[in-house]
Amino acid sequence: MADTPLNLHALALDAIQQIDFSAPGWSKQMEAIIARAHTAAAMAATADRLGLPVDTGLFKGLSRAERNEIKALVQAQLDYLKGFVKAAPGMSEAQMKARAALYAAATRGTYWKQRYTGLPFYPTEGSECMANCKCSWQQQGDDYYWTLHAAEHCPTCLSRESGNPYQVKT
Amino acid sequence: MSDQLSQADIEAARKRSVTRQDAIPATAAAPFTILMGPVGLLSGIPGIAQYGQFALPPPGSIVRDRLLSQTPGFETMWSAAIFKSISKKIAQGFRIEDADDSQRRIKQAQQLVLGYDGSYASGLQRGMQDYLLTDMGMVVEKARQSSARGSRIAGLFHLDALRCYPTGDPTKPIVYWSYYGGYHLLDAEDVIRITDMPSPRVELRGYGMCAASRAWSTILKLAAVEVYFREKITGTRNLAIHIVNGVSDKQMREALDSSEEMRNERGFVLYKGSTIIPMIEMAATPTVVTIPLAEVPDGFDVNEERTDAYRRYAHSIGMNVEEFVPAPAGLNTGLSTQIRDEGIAGQGMAAFDKNWELALTHTTLPGSTTFYMGTNEDWRDQKMKADAQTARATMLKTYVDAGALSPMQMLNAAVDAGDLDQAYLPKDATEAGDINDNEKLISGEAQARVPVLSPLPSTQPQVQQAGSAPPAGAIAQRRQKDADEAEMLIDQELESALDWARKARGDG
C-alpha cells in the first residue's frame, strides 16, 4: 500500500512520456491522462482506506459524492493545463515534456487527500518542494505521522515532521 | 472547510477585504514600530497632566492599564467585587464533550485545559483579572509542539497583559515582552485574546473597555469617602481650621491636653486633625468660625452613596446587582431574585463565558470536541430544561391533535430540538438549517474538499483579457461547460482508471 502513490505516479508519467508534443492533439491526450490518473488515485486511496480490493463492486459506478469530488480534482488540473496550452507555442519540446511530467506527480496529492481526510496538509501542497514532494502520511492508531522518505527535504517538510503526531479533524 | 476555525481561511478572506490595508505586516525585525505607535509607551505620558489629576490616561495605553490593574488596591469593596466575580467563574468549573465519545480526545482536552498556566484555577484567576482590570484583556498563549502550522498544542499559558503589545496586524496580533527582555512576535493561531468591549476604532488595535474603566470614577469616589472617614476618625490629616474667639492659646492648650501627637506651633494648636487658632481679642462669649478644608457636602448620605456605588460595580462587572446590594425583604423576593438571575444569564459575565468557550472549542480543541463553562449540575438548569421540553411536547401534541402535524413530523421536530435521540428516527424529514456558534457539523454530508493545487514551477498565470470582464452569466456558463467536460472525461476514462488503480495496488 505504501507503494501505491509511487506506482500511480509512475503509470501517469509513463503515459505522458509517450505523447508526441510536436503533433497536434497532444492536449487532448493530456486531458485524458489527467482524468484517468486522478480517478485512479481516488479509487486506489478509497480502496486502501477501506481495506478492500479495487475489483469489488464498490467502483462499478461512482456515487454522486465520489464523482463530484473527483470532478473537482480533475477540473483543477485541467485549469492548469489550459495555462500550459497557452504557453506551449513559446516552449521547446524538451520544456514541454518536463512541464507535462509535473502533472504526473500531482496524483500523489490526490491519493493522500483521499486516503486520509481531515489532516492539516498533504504532500505536494504548500511546501517548497511542491510536486516533487516524496513525503507521506503514516497512521498509528489515532495519530498520524508526517514521514520523510529517502530524498532531500525542504524546510517545510522538515518542520512538518517535527510537529508529529497530528490528529484528524472530523 | 474543516470543523476547526481555520486561521488560513480567515486570512484568505481578509485578502478580499478593504481592512487588509488597516495594518502593516508585523515582523520580528521591527518591534520598535509596535512600541512607538499610537498605543506605545509614549502615548500615556501626557495623560494625567493633560486630562486632570483624577482622569485616566488615554485609552489604548499601557500606562492606563497599569493604573486600572491596581484599582483593587484603591478601594475595598471594588476588590471584593472582583474577587467575587472571579471566584464564581472558578467555582463554575467546566466540562468537555466529544461528539464521537472518544475518551482519548476528552482526556487530552481535559488535560490541556487543566494545565492552563500550570493549573486551570490559577490560570483563569490570572487571566480574568486582566479581563476585568485591563483594556488589553486576557491573553493566552497556545504553545505548540513545533513551529509547523497546525502542529499539536502542547500547553496554554497566561500572558501578562501589561507585557503584551497589540500590533494591529491580524496575522501576528501580539508582541510579548518576556521578563528577561526577549520580544516574541505571536501568530494569530498561537494566541487567544479576550477583550471586554473591544473598540471599533482601528487605531486602538483591539483595546477595549474593561470593568475597571467603566467603574473608575465610582472607585475613586468611594475610595475618597473611605479615606475621608478614616482620616477624620484617626486624626491623621488637617480637615478644618477652627478660629476660636475669646479663648487664649494657654487656656486652649490646657483644655486640650492630650497624650497623642501634639505639635506646638506659635499661635495655633493642632488637635486630632484640626487646626485651632485662638484669637487674642477677648469677646464676651467664645465663638468659633470653622473653615472646612475637606468635608462631605451637605445632604451627603454615606450609606446611599455606598449602595449606589456597589450597584455601579455590579453593572460594570456584569453581575447580578443583588449579589452586592441585597433586595429589601418582602413579597416575592425569592422569585424576583430568580428572575434577575435568569436575566443576567444572558449578559454581563456570560459574555466572557461565551468568548472563552468559542476560543477553546473552535480554535484550540480537535474538531469533535467541545468545551463548556459549567458542569451542568445546577438543578435549576436541569429543571428549566425539563420545563421547556414539557412545554414543547405539549405544543407539538396540540398541532398533532389538530391535524396540522403528523406523529412522524412531531417526532422529527422533537429530535431536531434535542429532546429525543436521533436513534428514534428512521430518517430526518425536517431540514435542520441552523447551527449554534458552539456546535460543529459532525454528521451530515462531507464538506467539499479543496481540489489538489500542485503549483507547477513554470506555470503561467491565466492571461487576463484587456478591457471589461465578461458578464457573470457568461463566466458561470463557461464554468458549467468546463465541469461538464471534466465529467465526460471521467466517464470516458473510468475503465482505464480502474485498471491503473488495480496495477498501482498490485491487486490481482
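Residues numbered from 1 in each chain as written. Chains lettered and ligands numbered in written order. Predicted model: local features only at pLDDT ≥ 70, side-chain atom pairs only at ≥ 80, totals over all residues. Heavy atoms only, no water.

## What about the pattern of salt bridges?
Residues and elements named next belong to chain B.
- The tally for this structure, following the rule as stated, stands at 23 salt bridges over all chains.
- The residue Asp 190 makes a salt bridge to Arg 144 at a minimum N-O spacing of 2.7 Å. Here the residue Asp 190 occupies a position in the loop between strand 6 (183-186) and strand 7 (191-194), and Arg 144 occupies one in strand 2 (residues 138-144), the gap between them amounting to 46 residues. (Salt bridge = Lys/Arg side-chain N within 4 Å of Asp/Glu carboxyl O. Helix = DSSP H or I, 4+ residues; strand = E, 2+ residues; numbered from the N terminus.)

## Section: the interface of chain A and chain B
- In this assembly, 67 residues from chain A lie in contact with 49 residues from chain B.
- Counting the surface lost from both chain A and chain B, the interface buries some 5100 Å², and carbon and sulfur atoms represent 61% of this.
- If you look at where chain A meets chain B, you find six salt bridges.
- When the shortest N-O distance is used, the salt bridge between Arg104(B) and Asp142(A) registers 2.9 Å.
- In this assembly, chain A and chain B are joined by six residue pairs in polar contact (both at pLDDT 80 or more).
- Mapped by element, the contributors of at least two residues to the side of chain A that touches chain B are helix 1 (4-17), helix 2 (26-50), helix 3 (64-87), helix 4 (93-115) and helix 5 (155-162) of chain A.
- Element by element, the count of residues in the side of chain A that touches chain B is highest for helix 3 of chain A, at 17 residues.
- Residues that form the side of chain A that touches chain B fall into these classes: 33 nonpolar, 17 polar and 17 charged. (Contact = heavy atoms within 4.5 Å. Buried area = accessible area lost by both parts, 1.4 Å probe. Polar contact = N/O pair within 3.5 Å; in protein donor to acceptor, adjacent residues only side chain to side chain. Nonpolar A, V, L, I, M, F, W, Y, C, P; charged D, E, K, R; others polar.)

## Focus on the packing of aromatic side chains
- On inspection of all chains with the given rule, the structure shows 21 aromatic pairs over all chains.
- Judged by centre distance (6.1 Å) and plane angle (15 degrees), the rings of Trp112(A) and Tyr116(A) are stacked. Residue Trp112(A) shares its accessibility class with Tyr116(A), and that shared class is buried.
- Considering the side-chain rings of Trp356(B) and Phe371(B), the 6.3 Å spacing of their centres and the 80 degrees angle between planes classify their relative orientation as edge-to-face. Here Phe371(B) lies in strand 13 (residues 369-373) and Trp356(B) lies in helix 12 (residues 349-363), a separation of 15 residues in the sequence. With respect to class, Trp356(B) is no different from Phe371(B); both count as buried.
- One aromatic cluster is present, built from ring pairs that chain together Phe94(B), Tyr116(B), Tyr120(B), Trp356(B) and Phe371(B).
- A cation over an aromatic ring shows up here: Arg160(A) above the ring of Phe121(A), its NZ or CZ 4.2 Å from the ring centre. (Phe/Tyr/Trp six-rings, centres within 6.5 Å; stacked < 30°, edge-to-face > 60°. Buried < 20%, exposed > 50% of the residue type's maximum accessible area, 1.4 Å probe, protein only. Lys NZ or Arg CZ within 6 Å of the ring centre and 35° of its normal.)

Read these as layout, nothing more, since geometry by itself doesn't imply function.
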